[in-house]
Amino acid sequence: MINQLIFAYFAAVIVVSAVLVITRKNPVHSVMFMLLLFFHIAGVFVLLNAEFLAAVQLIVYAGAILILFLFVVILLSVERESQAARANRFWPWLAGFGLIIAGEIALLVLRGSFPGEGKMAVQVAGAGVRDLGVVLYSKFLVPFEISSVILLVGLIGAVMLAKKKTNE
Amino acid sequence: MTDDGYSLTSSIYGEKMSLTNATEKEIVQKEMTINMGPQHPATHGVLRLVVDLQGETVVGIDPRPGYLHRGIEKWMESRTYHQIIPITDRLEYITCMNNNLGWVVAVEKLAGIVVPERAQFIRMLMAELTRLSGHLVWLGTHALDIGAMTVCMYTLRERELILDLTETVTGARQTVSYVRIGGLRNDVPRDFLDKCREFTEIFPKKLEDYDTLIRQNRIWLKRTKGIGKFSAEDAINYGLTGATLRGSGVNYDLRKVEPYAAYDKVEFDVPLGTEGDVYARYIVRINEMRQSVRIIKQCLDMLPEGPIMTADPRYAVPDKATVMTNMEALAHQFVLMSKWVNMPKGEVYVATEAPKGELGFFIVSDGSGRPYRVKIRAPSFVHVGALPKMVTGHMVSDVIACIGTIDIVLGECDR
Amino acid sequence: MPDMQQIINFIITIGIPVVVLLSFILANAMYLQLMERKVLAHMQSRLGPMRTGWHGLLQPVADAVKFMFKEDIIPAKADKWVFSLAPLIFLVMAFGAFVAIPFGPDTVIFGRTVHLWVSNLNIGVLYIVALAGIGTYGVIMAGWASNNKYSLMGGFRSAAQMISYEIPMAFAIVTVALMAGSLNLTEIVQAQSQKWFIIVFPVGPVAFFLYLIAGVAETNRAPFDLPEAESELVAGYFTEYSGIRFGIFYMAEYMNMMIVSLLASIMFLGGWMPVQIFPKLLGGIPPISWINTALAAIPPTLWLLAKLYFFIFFYMWIRATLPRYRYDQLMTIAWKILLPISLGTLLVAAFMKQAGWM
């Protein structure tokens, strides 16, 4: 009972803050709401007994990625960004995509289960750091390595872009 | 639209979003202008610097002195030569004795006054004590600016000893107004010489303490080496003087070049740097303190007996006891204090080696008891002018290090 | 309607620890400030606060009263919400981290077995690292919302510094986790019952050294106090803050110091384990064994607190001694020196663990 209430609270805040992230005109406020969002997602992880995931959620997303967002956003002129148009002429298309994705999610929820690996991932996440490590380095070794290569590519790309700019 | 990345972005978001493009380009080039001062913890008073930054790098710096302008030069025109002495205290308010001395030496040259030997030695002794106190304040604040806070407390503790000594002699701790045209206000008290000798024993040890606190410190070295570099040629061209100049290796010390007081009678070396950076100037000033102690010791040994006021009756202010008993002395004192005596017509420029650098007084005399015009060559003002060259290309933290190293006092800079 | 027993249990297991912890933290945050002033003063041949109470003992109270009654100024052009929220985020994250810290082994008080922690998280260390990461937001938000360029620069410096130093710090922590085989702080302490991690050669001392340096940087203390370098940025990110909000930043800084120090004691100095002199070599020989018995008789929590205050004293000592780094030098240290060393340490630790040498 209490768990469900807490979940309801988390879910509600997640939805509301997610909407606020895209509706706020001030980009810094958007980032603030995104922080709130991440916090509550971490909360949901804790409810699922996935403490490790919750911590990683905070360390990686909130502690590292979002901070970089904030860096960039602060550098923008907030006044100008606030006055910029909220949508352009493509908005009906984009809204359409959004609706399709929302429909897919709704379908999955109505079916009541997620197929295949997703379910297992949730189980493993709840099991603790040790098991997570074992699974990551045995069953999911190849995807794990591939993702790190992709990250490396991103890293090198970023360095290249930055280098180009200073040379100009 | 030179970059593929940009055109891709704009084709997705349409014309409206080309705004992002513009902003992005601006970010790369935009400078941030910050206003350092006039109220800022590290600008040593009320120096205002308009600093253009790219990230943390300084791309332009514009010193705007003048917030402490009190019109001292103009004010001097309405005072007699004697009354100007306390005004000079307000120039470089940390080392007032040297200002007094600079002014008085200039006036004495204008009038051709011969000052007795004992007075000269005491002047030199006091001037060196004050130089020590000025350098201690410099060391303390400089270190504090770079973040070594303990040094400041230690130097102020030793400065207290100097101020106590000054008080025993002059009755004042900072704004002493001790030197008189033609001599001194009073002779040194009997116990002063012993106290002073004691001080010269203590002080060198303390000086080693401060030096070991920071000289070998890796952070200190990293913060000061290679920062604010000035080649010897540039330093001369920018009119730098004092330790700021000698840090670049130029051997120019007015105490040697054009000795005043009794500097030609004592032995001392002029410490020189080679690199011309903040660290070199630090070493020079530390060594200067050692030399000052050396001069003080010699003064104490060589101090001759004799009068402390010139024998020239025109300029000698009669001492208080005579004024109380002698009618002529009273009248003479009254004249001297109210309108001074008529000085020779002419112009004179005399520079002395103040702790900050060359402190020069240019006096134009119209023959009355008041100067027609006085121009003060304030080392601080000239040094502020060197700041842009020193700092540009370095980082914000180095601005602070450079303000410390040129050793400015705004009272003198703005006048 | 929950029954009475449940409520009482709740109060005893959650309520009392939280209240005790809160008062402990607050008292410490107040008095550490006095301690810092006193320590610095005596190192600089001064006396420090002497007027309020005996040797300034009431100074923190006076300061608190002053903070509370000073006008709370919000600059006209500031972003009001973010400006007010920033110190709270900073404070809450500092408070929150204490929840996971064990102050001693289970103790029997009034016939009840009491845990000396509020929550014994399985991922205790990660939790604290995560909260420390969020604390950075408080700083950036304060810097941005003040609408002051000095604040902004302070905020940027701080964010860059905290993100950079989090990495070597995290690697040092991971090294410890590897040695202990757990992320749980209690288990980390128990793993050191034979040998403290600081003397596990060669990784222990290196990791400790890394953690110590990164910890100083994380808490924005000298010589890494660039975000609030007063001679450069006036007061850095909290330049525009006044009154109680300023007080909050001030207090949270000391709380962060406490957390970093507590973690250092727990991870490297054996937490609440007592100091023992040559326990294996000469531990049985009478004079030494008496001393060892006496040392072991001191309550474990006192040992932990002693180590905590030792570290805090160490931080103050550094502050009194060292000049401040420059921004680029700071970054160089983090990325070019500490990071490679920490990676190497982790590698060696993993190897030793696998080879069974540890």
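Residues numbered from 1 in each chain as written. Chains lettered and ligands numbered in written order. Predicted model: local features only at pLDDT ≥ 70, side-chain atom pairs only at ≥ 80, totals over all residues.

Moving on, we get to the overall build of chain C. Along its length, chain C carries 12 helices and two strands. Helices and strands in chain C line up, N terminus first, as α-α-α-β-β-α-α-α-α-α-α-α-α-α. Its C-alpha atoms give chain C a radius of gyration of 22 Å, within 12% of the compact-globule value 21 Å for 358 residues. For chain C, the spread of C-alpha atoms along the principal axes amounts to about 70 × 55 × 50 Å. Of all 358 residues assigned to chain C, the portion counted as buried reaches 49%. (Helix = DSSP H or I, 4+ residues; strand = E, 2+ residues; numbered from the N terminus. Rg over C-alpha atoms; globule rule 2.2 N^0.38 Å. Buried ≥ 20, exposed ≤ 12 C-beta atoms within 10 Å, placed from the backbone.)

A few words on the overall build of chain A. Broken down by element type, chain A carries eight helices and zero strands. What you see in chain A, going N to C, is helices and strands ordered as α-α-α-α-α-α-α-α. Taking all 168 residues of chain A together, 18% fall into the buried category. Here the analysis covers contacts within chain A between residues at least 6 apart in sequence; of these, 55% occur between residues at least 24 apart. (Contact = placed C-beta atoms within 7 Å.)

A few words on the interface of chain C and chain B. Taken together, the contacts link 22 residues of chain C with 26 residues of chain B. Contributing elements (two or more residues each) for the side of chain C that touches chain B: helix 8 (230-233), helix 11 (300-321) and helix 12 (327-355) of chain C. When grouped by side-chain class, the residues that make up the side of chain C that touches chain B number 10 nonpolar, five polar and seven charged. (Nonpolar A, V, L, I, M, F, W, Y, C, P; charged D, E, K, R; others polar.)

The topology assignment puts Ser248 of chain B in the loop between helix 11 (242-246) and helix 12 (254-257). In this structure, Ser248 of chain B is in contact with Phe230, Ser231, Ala232, Ala235, Gly273 and Gly276 of chain B, ignoring residues within four places of it in sequence.

Residues and elements named next belong to chain C. Put simply, helix 3 (residues 80-98) and helix 4 (residues 124-145) touch, their axes get as near as 8 Å, and they point 160 degrees apart. Classified by the interaxial angle, the pair formed by helix 3 and helix 4 is roughly antiparallel. For helix 3 against helix 4, the interelement crossing comes out left-handed. In this structure, helix 3 uses Val82, Phe83, Leu85, Ala86, Pro87, Ile89, Phe90, Met93, Ala94, Gly96 and Ala97 to contact helix 4, whose residues at the interface are Ile128, Leu131, Ala132, Ile134, Gly135, Tyr137, Gly138, Val139, Met141, Ala142, Trp144 and Ala145. Broken down by class, the residue content of the contact of helix 3 with helix 4 amounts to 20 nonpolar, three polar and no charged. (Axes fitted to C-alpha atoms, helices over the stretch in contact; angles between N-to-C directions. Parallel < 35°, antiparallel > 145°, perpendicular 65-115°, else oblique. Left-handed = near helix turned anticlockwise from the far one by under 90°.)

Glancing now at unusual backbone geometry. Glycine aside, negative phi is the norm for most residues, and most peptide bonds take the trans geometry. Backbone geometry places Ser177 of chain B, a non-glycine residue, at a positive phi of 45 degrees. The class of Ser177 of chain B is partly exposed, set by 18 C-beta atoms lying within 10 Å. Here Ser45 of chain C, not a glycine, exhibits a phi torsion of approximately 50 degrees, which is positive.

What follows is about the sheet that holds strand 7 (residues 357-365) of chain B. All names here are of chain B. Read across the sheet, three strands follow the order 6-7-8 without closing on themselves; strand pairing throughout is antiparallel. Bordering the open sheet on either side are strand 6 (346-354) and strand 8 (371-377), each of which pairs with just one other strand. For this sheet the average axis-to-axis angle between neighbouring strands, irrespective of direction, equals 15 degrees. The pairing of strand 7 with strand 8 spans six bridges and is classified as antiparallel. When the bridges of strand 8 are listed, Phe362 appears paired with Lys375. (Pairing = 2+ DSSP bridges.)

Glancing now at the packing of helix 1 (residues 4-43) of chain C against helix 2 (residues 59-69) of chain C. Residues and elements named next belong to chain C. Running from amino to carboxyl end, helix 1 crosses helix 2 at an angle of 115 degrees, the nearest separation of the two axes being 9 Å. Relative to helix 2, the crossing made by helix 1 is right-handed. On helix 2, the residues touching Met30, Tyr31, Gln33 and Leu34 of helix 1 are Gln59, Pro60 and Ala64. Across the contact of helix 1 with helix 2, the residue classes break down as five nonpolar, two polar and no charged.

This next bit is on the sheet that holds strand 1 (residues 32-36) of chain B. Residues and elements named next belong to chain B. The three strands lie next to each other as 1-2-3, forming an open sheet whose pairing is antiparallel. Bordering the open sheet on either side are strand 1 and strand 3 (57-64), each of which pairs with just one other strand. Each neighbouring strand pair of the sheet contributes to a mean axis angle of 20 degrees, computed without reference to strand direction.

Facing 17 residues of chain C, the contacting portion of chain A comprises 17 residues. Listed by contribution, the elements that provide at least two residues to the side of chain C that touches chain A are helix 4 and helix 5 (149-180) of chain C. With 10 residues, the top contributor of residues to the side of chain C that touches chain A is helix 4 of chain C. Across the side of chain C that touches chain A, the residue classes tally to 14 nonpolar, three polar and no charged.

Attention shifts here to helix 3 (residues 51-75) of chain A. An ideal rise of 1.5 Å per residue puts 36 Å on 25 residues; helix 3 of chain A measures up with 34 Å between its terminal C-alpha atoms. The largest bend in helix 3 of chain A amounts to roughly 35 degrees and is located at Leu66 of chain A. (Expected span 1.5 Å × (residues − 1). Bend = angle between axes of the 7 residues up to and from the residue.)

Moving on: helix 5 (residues 96-111) of chain B. An ideal rise of 1.5 Å per residue puts 22 Å on 16 residues; helix 5 of chain B measures up with 23 Å between its terminal C-alpha atoms. Backbone geometry just after helix 5 of chain B places Gly112 of chain B at a positive phi near 70 degrees.

Residue and element names in this part refer to chain B. Inspection of the sheet shows strand 6 paired to strand 7 by nine bridges, in the antiparallel sense. Within the sheet, the bridge partner assigned to Glu353 lies in strand 7 and is Glu358. Once strand 6 ends, the chain turns through two residues before running back antiparallel as strand 7.

All names here are of chain C. Considering the arrangement of structural elements, one finds Leu91 in helix 3. When the C-alpha atoms of Leu91 and Gly135 are compared, they prove to be 7.9 Å apart, with 44 residues separating the residues in sequence. In this view, Leu91 contacts Ile248 and Ala252; residues no more than four positions away in its chain are not counted.

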